[in-house]
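Chain and residue survey
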Amino acid sequence: MPTLRYAQRRLPIAEGQSVLDCLLAHGIQVPHSCRSGACQTGLMRAVDGLPPPNAQAGLRDTQKVRNHFLACICHPTDDLVVELPDNAEQAAAIPATVRGLELLNSDVMKIVLESHDPLDYRAGQFVTLVRDSQLSRSYSLASVPGEDEHLHLHVRRVPRGRASGWVHDELRPGHRVELRGPTGDCFYTEGSPQQGLLLIGTGSGLAPLFGIARDALRRGHTGPIRLFHGSRSRQGLYLKGDLERMVRQYSNFDYVPCISGHDVPKGHASGRADQVAMTDIGSLKGWRVFLCGHPDMVKSAKKRAFLAGASMKDIHADPFVINPPPLAAFN
Ligand SMILES: Cc1cc2nc3c(=O)[nH]c(=O)nc-3n(C[C@H](O)[C@H](O)[C@H](O)COP(=O)(O)OP(=O)(O)OC[C@H]3O[C@@H](n4cnc5c(N)ncnc54)[C@H](O)[C@@H]3O)c2cc1C
């Protein structure tokens, strides 16, 4: 009889019993609803042992590679150590040292961080950058494990922004910070090397896309990889030289800088990045789509991508939501 482990408890699973039924039978309450794998409320993660493949039906590839499964339809045949996905993603903070700072344009600072413990991450996921107990924010990973020695973040200066202001004005090489995570499912997965990949980002939304594109190329992706980076003006774009070098190096990689303002220099597309991309590509049937940056762009591009034929499970979106401080902070 296989054994289930949850929160330090060993629980024998009866034949035909699901992980959910086993936990409930032992008085352990975990989220659940439809009990048939449809609503995905009973999402859990195996931290040791592999969940049976049919317990992952309907999950995204990015969840499958992280051993997520649905507890209500999971009937393990071997021992399994499980936890709720949030527990896995709220692991202890890892200390890190700033190894470099570089302005990529007038607004975006690249931070190079050396984490003191190895960080198991995929390019495009995000971490929480912690200054202290009062200030922490999410930033996406532009670095690629195995290719870049350290972690790279791109932080855009937000007017009156506390975390981005601290990064731009106070953070220095040698300073210690903390990181939580990584989390998020905006990353490349192997298995469909010929699939088209569409990457659309605005502003520092380029950070995860730069990581995802390089990760896919490094892993031998052969299908078209099309990256559209948008900004209101030319000054808002960055890493143009690096991206143009990648275009010369890889025949399946393409980069389109897009300007939504009036002054559109030669070599740039005119219009919002998502509009330019959708007009250019047409049908997105069978494509995987990554959308990062301004929440309005992400929202409208998600809808457009779906209407253009992309399957919802192939659309990965990270809106860079910026929350204003509570009203009391304005007094
Ligand atoms: C999943 C995810 C990934 C992200 N990845 C990235 C990334 O890779 N790069 C990136 O640059 N950003 C990213 N972000 C956004 C980032 O997390 C922060 O929200 C952003 O940097 C702003 O934080 P801040 O502390 O500088 O601004 P805050 O201090 O939180 O300010 C928020 C807003 O309130 C306003 N405000 C603050 N104080 C006042 C005041 N006294 N009076 C009036 N208005 C005020 C500011 O102008 C701003 O508009 C990401 C967000 C998410 C959710």
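Residues numbered from 1 in each chain as written. Predicted model: local features only at pLDDT ≥ 70, side-chain atom pairs only at ≥ 80, totals over all residues. Heavy atoms only, no water.

1. Some details on the side chain of His 268
Note the following rule: Each helix corresponds to a stretch of at least 4 residues labelled H or I by DSSP, and each strand to a stretch of at least 2 residues labelled E; elements are numbered beginning at the N terminus. Burial here depends on accessible area, computed with a 1.4 Å probe over protein chains only, as a share of the maximum for the residue type. Under 20% is buried, over 50% is exposed, and the range in between is partly exposed. Any N or O atom pair separated by 3.5 Å or less is treated as a polar contact, with the protein-specific requirement of one donor-capable and one acceptor-capable atom, and with residues adjacent in sequence counted only for side-chain atom pairs. Between two residues, a contact is recorded if the distance between any of their heavy atoms is within 4.5 Å.
Tracing the backbone through its elements, the reader meets His 268 in the loop between strand S14 (253-259) and strand S15 (269-270). Assessed through its relative accessible area of 10%, His 268 is described here as buried. Among the polar contacts made by the side chain of His 268, one reaches the main-chain carbonyl oxygen of Lys 266 at a distance of 3.1 Å. When sequence neighbours within four positions are dropped, the list of residues in contact with His 268 reads Arg 234, Leu 237, Lys 240, Pro 257 and Ile 259.

2. Regarding the sheet that holds strand S2 (residues 9-12)
Worth spelling out the cut-off: The rule for pairing is simple: two strands pair if DSSP sees at least two bridges between them. Each axis is a line fitted through C-alpha atoms, taken for helices only over the stretch in contact, and angles between the N-to-C directions span 0 to 180 degrees.
In spatial order, the strands read S2-S1-S5-S3-S4; together these 5 strands make up an open sheet with mixed pairing. Edge positions in the sheet fall to S2 and strand S4 (68-70), since each has one partner strand and no second. On average, each strand axis in the sheet is inclined to that of its neighbour by 40 degrees, with strand direction left out of account. As judged from the 3 bridges shared by strand S1 (residues 3-6) and strand S5 (residues 80-83), these two strands associate in the parallel manner. Following the sheet pairing, Tyr 6 is matched in S5 by Val 82.

3. Thoughts on empty space enclosed by the protein
Put simply, the test is: A cavity here means a set of 1 Å grid points, computed over protein atoms only, where a 1.4 Å probe fits but cannot escape. A pocket is an open set with protein on both sides within 12 Å along at least 5 of 7 lines, and lining residues have an atom within 4 Å of a point. Grid points are joined across faces, edges and corners, and a volume is the space filled by probe spheres set on the points. Three classes are used, and their members are as follows: Ala, Val, Leu, Ile, Met, Phe, Trp, Tyr, Cys and Pro are nonpolar, Asp, Glu, Lys and Arg are charged, and the others, Gly among them, are polar.
Taken as a whole and judged by the stated rule, the model has 1 cavity of 30 Å³ or more. Lining the largest cavity are Asp 61, Tyr 188, Thr 189, Glu 190, Gly 191, Ser 192, Gln 195, His 221 and Arg 288. For the lining of the largest cavity, the residue count by class is 1 nonpolar, 5 polar and 3 charged.

4. Notes on the side chain of Asp 215
Residue position: Asp 215 is located in helix H5 (residues 206-218). Its relative accessible area of 1% is what places Asp 215 among the buried residues. Filtering out sequence-adjacent residues up to four positions away, Asp 215 remains in contact with Arg 122, Ala 123, Val 144 and Tyr 188.

5. Let's talk about H5
Stated formally: Take the number of residues in a helix, subtract one, and multiply by 1.5 Å to get its expected span.
Counted at 1.5 Å a residue, the expected span for H5 with its 13 residues is 18 Å, and the 18 Å between its end C-alpha atoms agrees. Counting buried positions along H5 yields 12 of 13 residues, so the element is predominantly enclosed. Remark: Gly 220 follows H5 within two positions and exhibits a positive phi of approximately 85 degrees.

6. Remarks on the environment of Thr 3
As for its placement among the helices and strands, Thr 3 is situated in strand S1. Among the residues examined, Thr 3 registers a relative accessible area of 17% and is labelled buried. Each C-alpha atom of the pair Thr 3 and Leu 104 lies 52 Å from the other, and the pair is 101 residues apart in sequence. Residues within four places of Thr 3 in sequence aside, it is in contact with Arg 10, Leu 11, Asp 79 and Leu 80.

7. Topic: the pattern of salt bridges
What counts here: Every case where a carboxyl oxygen of Asp or Glu lies within 4 Å of a side-chain nitrogen of Lys or Arg is listed as a salt bridge.
If you walk through the whole model with that rule in mind, you get 18 salt bridges. One salt bridge in this structure joins Arg 122 and Asp 215, with 3.7 Å as the shortest N-O distance. Note that Arg 122 is positioned in the loop between strand S7 (108-115) and strand S8 (126-132) and Asp 215 in helix H5, a separation of 93 residues in sequence. Here Arg 122 matches Asp 215 in class, with each residue buried. In this structure, Glu 190 and Arg 219 form a salt bridge, with 3.3 Å as the shortest nitrogen-oxygen distance. Remark: Arg 219 occurs in the loop between H5 and strand S13 (225-231) and Glu 190 occurs in the loop between strand S11 (176-183) and strand S12 (197-202); sequence separation between them is 29 residues. Residue Arg 219 is classed as partly exposed on the basis of its relative accessible area, which comes to 31%. Connected through salt bridges with shared partners, the residues Arg 122, Glu 190, Asp 215 and Arg 219 form a single ionic network.

8. Quick look at the sheet that holds strand S9 (residues 135-140)
Strands in a sheet are paired, the pairing made by backbone hydrogen bonds, and the direction either parallel or antiparallel. Strand order across the open sheet formed by 6 strands is S9-S8-S11-S6-S7-S10, with antiparallel pairing between neighbours. Of all the strands in the sheet, the pair left with one neighbour each is S9 and strand S10 (151-156). For this sheet the average axis-to-axis angle between neighbouring strands, irrespective of direction, equals 40 degrees. Bridge analysis of S8 against S9 gives 6 bridges, and the strand direction is antiparallel.

9. What about a nonpolar patch on the surface?
Operational definition: By definition, no residue in a patch forms a salt bridge, and every one has over 30% relative accessible area; like charges are joined within 9 Å, nonpolar side chains (Val, Leu, Ile, Met, Phe, Trp, Tyr) within 5 Å. All accessibility values rest on the Shrake-Rupley procedure with a 1.4 Å probe; residue burial counts only the protein chains present in the view.
Together, Phe 306, Leu 307 and Met 312 give the surface a local cluster of nonpolar side chains, amounting to about 330 Å² of exposed area. Tracing the sequence through the fold places Leu 307 in helix H8 (residues 295-307). Overall, Leu 307 belongs to the exposed group, its relative accessible area being 68%.

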